[in-house]
Amino acid sequence: MKNLALGIAIGIYLTGCAAPSSPTTGYQPVMAQQGKDVIWVPTPDSLLIKMLETAQVTSKDLVYDLGAGDGKIAIEAARRYGARAVGIEFDPQMADHARQNAKNAGVADKVTIITGDIFVEDFSQATVVTLYLLPSLNGKLHPTLLNMKPGTRIVSNTFTIGSWSPDKTFYGDSGTVGYFWVVPAKVNGFWRLSGIPGFDQATISIVQKSQEFHADFTPQGKAFQRIEGRLNGTTITFSYADAQGAVQTFSGEVVGDRFTGTLKGDPSVQITGSR
Ligand SMILES: C[S@@+](CC[C@H](N)C(=O)[O-])C[C@H]1O[C@@H](n2cnc3c(N)ncnc32)[C@H](O)[C@@H]1O
């Protein structure tokens, strides 16, 4: 919480975010009030909608808002998209207020507010994680977030997550900014490839950095090619030069220690990678 001035100074927008007091508890949180690790400032409505839209939240999702404040992100995910949503909020009064807000919004059946610490509570079941914390807190969460189930979507108001480059940057009103990531499957290491036209066998040795990688692609008996590729959740894509020197792009799905897919130029070709 020592960083509250910093948090405000780095561009937190306070417009359009006054919190209604709860009709039954009478509690009224105060803008920028102290929280355990970061102050309370609600995400502005325009950016909140962009966050949920960019994450493509649907009624199938389980959305976790880490540091839920008055519950507005969880409530909107439930109200607008029919998602189940969980907010984790350390301040018990604020958590009660968020629960009451969920009741008032008619989504108490879909929204759960946990009174707890985001560094202690388990959010591994989330399909979407929303953040409005500080760079230092996002950095601390980085390893946990990166190790979530591949395909989990993460959106953050204002701040990035350590060295993890976002898949997308988006904007709300008044210069507000958000970032989006998809947790990539883990493909680092050595894979055997079969089914590549023109090559009996090939291998690919991948060095992965978050959703990006470079790799040595080695057709049997031929010189290796240094190539680059990408993960979008469980979808792996890379390009290589075929036996005629033409660029071929492979795209497939990673499931555990296997990936299977096709060539963009010829979807009838089935290529498999295995560890
Ligand atoms: C900047 S506000 C964001 C509120 C909400 N997510 C939103 O975007 O409108 C951060 C919230 O995190 C809460 N908080 C701070 N440290 C926390 C921690 N370690 N665990 C859970 N909540 C925490 C604060 O009380 C505050 O309500």
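Just so it is clear, the model here is predicted, and its values are computed rather than measured.

Observations concerning empty space enclosed by the protein
Turning to step 1, where the next piece is worked out: Evaluation of the coordinates by the stated rule reveals one cavity of 30 Å³ or more.
Turning to step 2, where the next piece is worked out: When its volume is computed, the largest cavity comes out at roughly 410 Å³.
Turning to step 3, where the next piece is worked out: Elements that contribute at least two residues to the lining of the largest cavity include exactly α3 (72-81) and β2 (84-89).
Turning to step 4, where the next piece is worked out: Residues belonging to the lining of the largest cavity are distributed by class as follows: 15 nonpolar, seven polar and eight charged.

So, the environment of D167
Turning to step 1, where the next piece is worked out: Within the secondary structure layout, D167 lies in the loop between β5 (153-157) and β6 (168-171).
Turning to step 2, where the next piece is worked out: Relative accessible area serves as the criterion here: at 25%, D167 is assigned to the partly exposed category.
Turning to step 3, where the next piece is worked out: Put simply, D167 and V182 are 15 residues apart on the chain and 7.1 Å apart in space, counted from C-alpha to C-alpha.
Turning to step 4, where the next piece is worked out: What D167 contacts, discounting residues up to four positions off in sequence, is F180, W181, V182, Q211 and R230.
Turning to step 5, where the next piece is worked out: Of note is the side chain of D167, whose polar atom sits 2.8 Å from the backbone nitrogen of V182.
Turning to step 6, where the next piece is worked out: Polar contacts involving the side chain of D167 include one to the side chain of R230, which spans 3.0 Å.

A few points about unusual backbone geometry
Turning to step 1, where the next piece is worked out: One non-glycine residue, A32, lies in the positive phi region at around 70 degrees.
Turning to step 2, where the next piece is worked out: Mapped onto the secondary structure, A32 falls in the loop between α1 (4-9) and α2 (45-54).
Turning to step 3, where the next piece is worked out: Positioned with a positive phi, S210 is a non-glycine residue whose angle comes to about 55 degrees.
Turning to step 4, where the next piece is worked out: What makes S210 buried here is its relative accessible area of 16%.

Brief notes about the pairing of strand β12 (residues 235-241)
Turning to step 1, where the next piece is worked out: Covered by surrounding structure in β12 are I236, F238 and Y240 only, the residues T235, T237, S239 and A241 on the alternate face being uncovered.
Turning to step 2, where the next piece is worked out: Examined bridge by bridge, strand β11 (residues 225-232) and β12 share four bridges and lie antiparallel to one another. Following the sheet pairing, L231 is matched in β12 by I236.
Turning to step 3, where the next piece is worked out: Linking β11 back to β12 in an antiparallel pair, the connection comprises two residues, with G233 at a positive phi of about 65 degrees.
Turning to step 4, where the next piece is worked out: In this structure, β12 lies alongside strand β13 (residues 247-255), joined through seven bridges in antiparallel fashion. Its bridge partner lying in β13, A241 is registered against V247.
Turning to step 5, where the next piece is worked out: Once β12 ends, the chain turns through five residues before running back antiparallel as β13, passing G245 with a positive phi of about 85 degrees.

What about α2?
Turning to step 1, where the next piece is worked out: Buried within α2 are the following residues: L47, L48, I49, M51, L52 and T54.
Turning to step 2, where the next piece is worked out: With its phi angle positive at about 50 degrees, Q56 sits one or two positions after the end of α2.

Description of the site of the ligand
Turning to step 1, where the next piece is worked out: Among the 22 residues in the neighbourhood of the ligand, the closest are listed as D37, T43, D65, G67 and E89.
Turning to step 2, where the next piece is worked out: One nitrogen or oxygen atom from the side chain of T43 is found 2.5 Å from an oxygen atom belonging to the ligand.
Turning to step 3, where the next piece is worked out: Look at the ligand: alone it shows 600 Å² of surface, and the protein chains cover 99% of it.
Turning to step 4, where the next piece is worked out: Of all the cavities here, the one that holds the ligand is the largest cavity.
Turning to step 5, where the next piece is worked out: Mapped onto the shell around the ligand, the elements with two or more residues apiece are α3 and β2.
Turning to step 6, where the next piece is worked out: Grouping the amino acids of the shell around the ligand by side-chain chemistry returns eleven nonpolar, five polar and six charged.

Considering the packing of aromatic side chains
Turning to step 1, where the next piece is worked out: Evaluated as defined, the whole model comprises eight aromatic pairs.
Turning to step 2, where the next piece is worked out: For the ring pair W191 and F259, a centre distance of 4.9 Å and an interplane angle of 45 degrees mean the geometry is tilted. With W191 in strand β8 (residues 189-194) and F259 in strand β14 (residues 258-263), this pair connects stretches of sequence that are 68 residues apart.
Turning to step 3, where the next piece is worked out: A residue is classified by how much of its surface remains accessible, and W191, at 0% relative accessible area, is buried.
Turning to step 4, where the next piece is worked out: Residue class for F259 comes out buried when judged on its relative accessible area of 0%.
Turning to step 5, where the next piece is worked out: On the numbers, 5.1 Å between centres and 40 degrees between planes, the contact of F238 with F250 is tilted. Of the two residues, F238 sits in strand β12 while F250 sits in strand β13, which places them twelve residues apart along the sequence.

Looking at the side chain of S156
Turning to step 1, where the next piece is worked out: Structurally, the position occupied by S156 is in strand β5.
Turning to step 2, where the next piece is worked out: A polar atom in the side chain of S156 sits 3.5 Å from the side chain of N138.
Turning to step 3, where the next piece is worked out: The contact partners of S156, leaving out residues within four places of it in the chain, are M51, L131, N138, V177, G178, Y179 and W181.

Parameters and conventions
- Residues numbered from 1 in each chain as written.
- Predicted model: local features only at pLDDT ≥ 70, side-chain atom pairs only at ≥ 80, totals over all residues.
- Heavy atoms only, no water.
- 1 Å grid on protein atoms, 1.4 Å probe; cavity = no way out; pocket = protein on both sides within 12 Å on 5 of 7 lines; lining within 4 Å.
- Points joined across faces, edges and corners; volume = space filled by probe spheres on them.
- Helix = DSSP H or I, 4+ residues; strand = E, 2+ residues; numbered from the N terminus.
- Nonpolar A, V, L, I, M, F, W, Y, C, P; charged D, E, K, R; others polar.
- Buried < 20%, exposed > 50% of the residue type's maximum accessible area, 1.4 Å probe, protein only.
- Contact = heavy atoms within 4.5 Å.
- Polar contact = N/O pair within 3.5 Å; in protein donor to acceptor, adjacent residues only side chain to side chain.
- Pairing = 2+ DSSP bridges.
- Near = heavy atom within 4 Å.
- Areas by Shrake-Rupley, 256 points an atom, 1.4 Å probe, with all protein chains shown as cover.
- Sits in = over half its atoms within 2 Å of the grid points.
- Phe/Tyr/Trp six-rings, centres within 6.5 Å; stacked < 30°, edge-to-face > 60°.

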